[in-house]
Amino acid sequence: MTSSSTSVPLSLSPTSPASQGPTSIAPPLSINLPKPKTPTIRSRLSKLCQEGQPHLARQLFDTLPRPTTVLWNTIIIGFICNNFPNEALFFYAQMKKSAPKTKCDSYTYSSTLKACAETRNLKIGRALHCHILRCLWNPSRIMYNSLLNMYATCLHGSGYSEYDLVRKVFDTMPKRNVVAWNTLVSWYVKTERYEEAVLEFIRMMKMRIKPSAVSFVNVFPALSGMRDYNNASVLYGLLIRHGGEYVNDLFVVSSAIFMFSELGCVDLARKIFDVCSERNTEIWNTMVGGYVQNNFPIEAIDLFLQAIQSEEAVVDEVTFLSAITAVSQLQQLELAQEIHAYVMKNLRVVPTFIQNAIIAMYSRCGSVDISFKIFHEMQERDVVSWNTMVSALVQNGLDDEALMLVYEMQKQELTIDSVTVTALLSAASNLRNPNVGKQTHAYLIRNWIEFEGMHSYLIDMYAKSGLVGNLQVLFEEISTHDRDLATWNSMIAGYTQNGLIQEAFVVFRMMLERKLEPNSVTLASILPACNPMGNIDLGKQLHGFSVRHLLDQNVFVGTALIDMYSKSGSLTHAENAFQETTQKNSVTYTTMILGYGQHGMGERALSLFHSMQSSGITPDAITLIAVLSACSYAGLVEEGLQIFESMEEEYNIQPLTAHYGCVADMLGRVGRVVEAYDFIRGLGEVGNVPEIWGSLLAACRIHEQFELGKVVAEKLLELETRNDMTGYHVLLSNMYAEEREWENVDKLRKRMREKGLKKETGCSWIEISGCINHFVSKDQKHRECNEIYDMLRQLAMDMKAAGYRPRFISSLDGITDSDE
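Residues numbered from 1 in each chain as written. Predicted model: local features only at pLDDT ≥ 70, side-chain atom pairs only at ≥ 80, totals over all residues. Heavy atoms only, no water.

As recorded in an unreviewed UniProt entry, the protein chain goes by the name Tetratricopeptide-like helical domain containing protein, listed as coming from Trema orientale. On record in UniProt, under Subcellular location (unreviewed entry), the comment for the protein chain is "Plastid, Chloroplast". (UniProt positions renumbered as here; feature names shortened; annotations may be inferred.)

On to the overall build of the protein chain, then. Looking only at helices and strands, the protein chain features 48 helices and four strands. The buried share of the protein chain, taken over its 820 residues, is 45%. Restricting to contacts in the protein chain with at least 6 residues of sequence separation, those with at least 24 account for 59%. Split by element, the accessible area of the protein chain, about 44,900 Å² in all, is 53% carbon and sulfur. (Helix = DSSP H or I, 4+ residues; strand = E, 2+ residues; numbered from the N terminus. Buried < 20%, exposed > 50% of the residue type's maximum accessible area, 1.4 Å probe, protein only. Contact = heavy atoms within 4.5 Å. Areas by Shrake-Rupley, 256 points an atom, 1.4 Å probe, with all protein chains shown as cover.)

The next point concerns helix α27 (residues 454–464). Within the sequence span of α27, burial applies to M454, S456, L458, I459, M461, Y462 and A463. On its buried face, α27 is in contact with α25 (418–431), α26 (434–446), α28 (468–477) and α29 (485–497). Just downstream of α27, G466 is the residue with a positive phi angle, here 80°.

Right, let's talk about empty space enclosed by the protein for a bit. Considering all chains together, one arrives at two cavities of 30 Å³ or more under this definition. Looking at the second largest cavity, its volume works out to about 30 Å³. Along its surface, the second largest cavity is lined by H543, D552, Q553, L561, A577, E580 and T581. Classifying every residue of the lining of the second largest cavity gives two nonpolar, three polar and two charged. (1 Å grid on protein atoms, 1.4 Å probe; cavity = no way out; pocket = protein on both sides within 12 Å on 5 of 7 lines; lining within 4 Å. Points joined across faces, edges and corners; volume = space filled by probe spheres on them. Nonpolar A, V, L, I, M, F, W, Y, C, P; charged D, E, K, R; others polar.)

As a further point, take the pattern of salt bridges. All told, the structure shown has 15 salt bridges when counted by the stated rule. Taking the shortest distance from any N to any O, the salt bridge between K114 and E118 comes out at 3.5 Å. Of this pair, K114 and E118 are both found in helix α6 (residues 106–119), four residues apart, which corresponds to roughly one turn of the helix. Overall, K114 belongs to the partly exposed group, its relative accessible area being 42%. Among the residues examined, E118 registers a relative accessible area of 36% and is labelled partly exposed. Note that E575 is salt-bridged to R604, the shortest N-O span being 2.7 Å. Remark: R604 occurs in helix α37 (residues 602–614) and E575 occurs in helix α35 (residues 571–580); sequence separation between them is 29 residues. On the basis of relative accessible area, E575 is assigned to the buried category, the value being 19%. (Salt bridge = Lys/Arg side-chain N within 4 Å of Asp/Glu carboxyl O.)

Another point: the UniProt feature "repeat: PPR" (unreviewed entry) in the protein chain. Here, UniProt's "repeat: PPR" (unreviewed entry) annotation points to residues 177–211, 382–416, 484–518 and 585–619. Taken end to end, residues 484–518 is 74% helix and 0% strand, and its first and last C-alpha atoms sit 11 Å apart.

Quick look at the packing of helix α41 (residues 657–669) against helix α43 (residues 690–702) now. If you want to describe how two helices pack, look at the angle between their axes and the distance between the axes. It is the contact of α41 with α43, at a shortest axis distance of 9 Å, that shows an interaxial angle of 10°. Here α41 lies roughly parallel to α43, going by the angle between them. Counting all contacts with α41, which are made through T657, Y660, G661, A664, D665 and G668, the residues of α43 involved are I692, S695 and A699. Class assignment for the residues of the contact of α41 with α43 results in four nonpolar, four polar and one charged. (Axes fitted to C-alpha atoms, helices over the stretch in contact; angles between N-to-C directions. Parallel < 35°, antiparallel > 145°, perpendicular 65-115°, else oblique.)

What follows concerns the packing of α41 against helix α42 (residues 673–682). Axis separation between α41 and α42 bottoms out at 7 Å; the angle between their running directions is 160°. Viewed along their axes, α41 and α42 adopt a mutual orientation that is roughly antiparallel. Where α41 crosses over α42, the two elements pack in a sense that is left-handed. Counting all contacts with α41, which are made through Y660, V663, A664, L667 and G668, the residues of α42 involved are V673, E675, A676, F679 and I680. Tallied by class, residues from the contact of α41 with α42 come to eight nonpolar, one polar and one charged. (Left-handed = near helix turned anticlockwise from the far one by under 90°.)

Nonpolar side chains collect at one region of the surface, where M791, L792, L795, M799 and Y804 lie side by side and expose about 500 Å² of accessible area between them. Among the secondary structure elements, Y804 is positioned in the loop between α47 (785–801) and α48 (813–819). (Patch = residues over 30% accessible without salt bridge, like charges linked within 9 Å, V, L, I, M, F, W, Y side chains within 5 Å.)

Attention now moves to α41. Spanning 13 residues, α41 covers 18 Å between terminal C-alpha atoms, matching the ideal 18 Å at 1.5 Å per step. α41 sits mainly inside the fold: 10 of its 13 residues count as buried. Taken residue by residue, α41 has H659, Y660, G661, C662, V663, A664, D665, M666, L667 and G668 as its buried positions. The elements touched by buried residues of α41 are α38 (621–634), α39 (637–645), α40 (647–651), α42 and α43. (Expected span 1.5 Å × (residues − 1).)

The next subject is the packing of aromatic side chains. Geometry of an aromatic ring pair is reported as the spacing of the ring centres plus the angle between the planes. Tallying each qualifying case throughout the model produces 25 aromatic pairs. Between F451 and Y457 the ring centres are 6.4 Å apart and the planes differ by 55°, which places this aromatic pair in the tilted class. On the basis of relative accessible area, Y457 is assigned to the partly exposed category, the value being 34%. Their ring planes at 65° and their centres at 5.9 Å tell us that F609 and Y651 sit as a pair that is edge-to-face. Separated by 42 residues along the polypeptide, F609 in helix α37 and Y651 in helix α40 bring together distant segments of the chain. Exposure class is identical for F609 and Y651. Each is buried. Among the aromatic residues, ring-to-ring pairing joins F61, W72, F79 and F91 into one connected group. In this arrangement the basic side chain of R483 is found over the ring face of F475, its NZ or CZ atom lying 4.1 Å from the centre. (Phe/Tyr/Trp six-rings, centres within 6.5 Å; stacked < 30°, edge-to-face > 60°. Lys NZ or Arg CZ within 6 Å of the ring centre and 35° of its normal.)

Think of a ball as big as a water molecule: rolled over the atoms, this probe shows where empty space is left. Counted as a void, the largest pocket has a volume near 430 Å³. Along its surface, the largest pocket is lined by 19 residues, and I449, E450, M454, H455 and L458 are the ones closest to its centre. Counting only elements with at least two residues in the lining of the largest pocket, the list comes to α26, α27 and α28. Split by residue class, the lining of the largest pocket holds nine nonpolar, five polar and five charged.

Under the criterion given, the structure shown has zero disulfides. Free of any disulfide, C631 has its nearest neighbouring cysteine sulfur in C662, separated by 9.5 Å. (Disulfide = S-S within 2.5 Å.)

This brings us to the nonpolar core. Grouped together as the largest cluster of nonpolar side chains are 223 residues, with contacts concentrated most on F220, F260 and L696. Sequence-distant contacts of L696, that is, excluding residues within four places in its chain, are made with V673, A676, Y677, I680 and V712. (Core = buried A, V, L, I, M, F, W, Y, C linked by side-chain atoms within 4.5 Å.)

This next bit is on a negative patch on the surface. A cluster of like negative charges, contributed by E450, E452, D482 and D484, occupies part of the molecular surface. In this fold, D484 is placed in the loop between α28 and α29. (Lys, Arg positive; Asp, Glu negative; His and termini not counted. Charge placed at Lys NZ, Arg CZ, Asp CG, Glu CD.)

Turning our attention to the side chain of T183. Note on placement: T183 falls in helix α10 (residues 178–190). Overall, the relative accessible area of 14% leaves T183 in the buried class. For T183, the side chain forms a polar contact with the main-chain oxygen of V179, separated by 2.9 Å. When sequence neighbours within four positions are dropped, the list of residues in contact with T183 reads L148, N149 and A152. (Polar contact = N/O pair within 3.5 Å; in protein donor to acceptor, adjacent residues only side chain to side chain.)

On to the confidence of the model for the protein chain, then. Overall, the prediction assigns the protein chain a mean pLDDT of 83, with 85% of residues at 70 or greater. Here residues 1–29 scores under 50 on pLDDT; set against residues more than four positions off or in separate chains, the count is 15 contacts. In the model, residues 808–820 has pLDDT below 50 throughout and makes 22 contacts with residues more than four positions away in sequence or in other chains. (pLDDT = per-residue confidence, 0-100.)

So this is what it looks like as structure tokens:
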């Protein structure tokens, strides 16, 4: 049987030979059909690339004797479209090398430039630019756009110099379309030149080039970077004018939501979210992330729940991450457990970064034990996992455990990075442990580790460790150029914390001389220094500065002002500062309550305490110490006892030593000394604290309960374990002196000498004509001391003549005079 030719015989009519019998034979009917079109080599190569087989296309290409430029381009484009940019670059090099007669055209160069951009290979990209200049006398607009994209991509992250290559290429373009303008605007945003990005967008509009949806996506981040709310609204209005095609573009919607979220206008971001006709997962994630970013965790969780129920969104890992962060902000353990269970149920494999976020979430909720359990059970841990766990331990006061975990990191040869070091320095600051701090500092130096805020962390660590000398040396070693505002603030706070008030103000003035404008942290650091100096005028000047620079509404500045005025004796100014502070937290209320208590205004302190709860602010342990102290000073015993008894049930706060001390002091001040004694004894081991028994001893002396005072004194001597018991020795000595038990006075004096105890020197000050005058006992340093002592003698004679007689003379005068 032979194969048929291209002429195909067909029997079509009913009078065909089969119908007319075997003897009737008709001539065959032949029809010439058009020959099927043979696929061109280009289409075959292109089809292979489209099917994801660019390497097979390359093998077929290699069989061709003289491939044309179009065929070379097909393979280059095929490699790029299949995510093989390095192979595309290599193939271009082969083209230049093995086919010198084959000319590269615009498609060759633009495709290869795309490969350079994807690999961020600036060196080859610049070489290609040279090839283009030599080989193409009139590059196309597509070519220029490819060059712009290559430079903008390859130079991203390396900054820019005065010779801006992207700008240079843009300026040499004979004609520019919207793609070129978009690339330029995007480049300015990438290099954080937001104002230039907006100006170029405006120039594009003035040249009547219609912006695309990408144009708005590119320029939105510039306005959020400039914090320019007004122009952001104007630009979004311009977007609306361009019609629904722009408004409903998913990328535009996501970018607009992100812009307004960055600007803090979450309500506008939500309106855009609500009106968009279609939403994808990215838009849901952007809106949830916007709520989280602006500290609206309840709204974020609510939207997350809507996303779960919505058919539009498929929640992904980013959605879960935002929801976990929102729960961290809420610090609600029960909700944390629910979101954790939901994540485990819906993710077959929980990524490491999600597990890291869950560790941080439980830590923020106060359940660091669960955090460590998750950390311990992780199959794979990265450096972030270790750092998250270390930071969690530090944040929950487990500083020693954090140090042990860092030691374990070193044993496993994991990299100690800036995050680890930050946690280590915080742990050293909390422990007041100079050795840990010094070792960490040495590690930084040995490993050339530098990070933003490093100097301020080191200064804070040395200040809290009491190493003022190291503090000063470190500050002097930092060049003036490298001293940012955070460094100056840490130095001021360090001096203030260590009682070096004059030095703190010297640093503050140095900062002002260098034209650095103080911020809220600066004022919150320097205001406490006004109290020991007794200089309320200086505090008022700082207050005025804060008002002029709109810093007085900052919660930390407001709290520092309240504290400064209260301790300076100007309660009216403190009340005014409290009323003018719009942002109040538990610390703000606590500071004002303390001020009322220190001035004996217990009723006002209680009223503010109840007002605080009505405002929805939950009191903490320190607040309760403040209100109990205020009740103690004002003699409001029953009110104070009622608050103390409701601590655990109503406020979920376990009483601390300070709370017990407040109750003992409260009872002792009003003469209920025996009741206070029974209360302390009932505490058992918890009450074996010198401060608690010391307050009772003071009450025994005031109310002349000398027999009970002796029992308390014996208990105090049993608890004597530290060298800071001098005050109690003095108090006990005064009691013995009042009872004229001189033998016990002598024993106590001898005991103090043997232990090397010295009474802390008391200091008084007064401000006259803007000058602070300091005084200590037997002071001979004041320039007018003779006149002062003459006046004191005259006053003593007048008092004696008026019939005043002192109750007793301190039995320790002989000791303290020589010491002072």
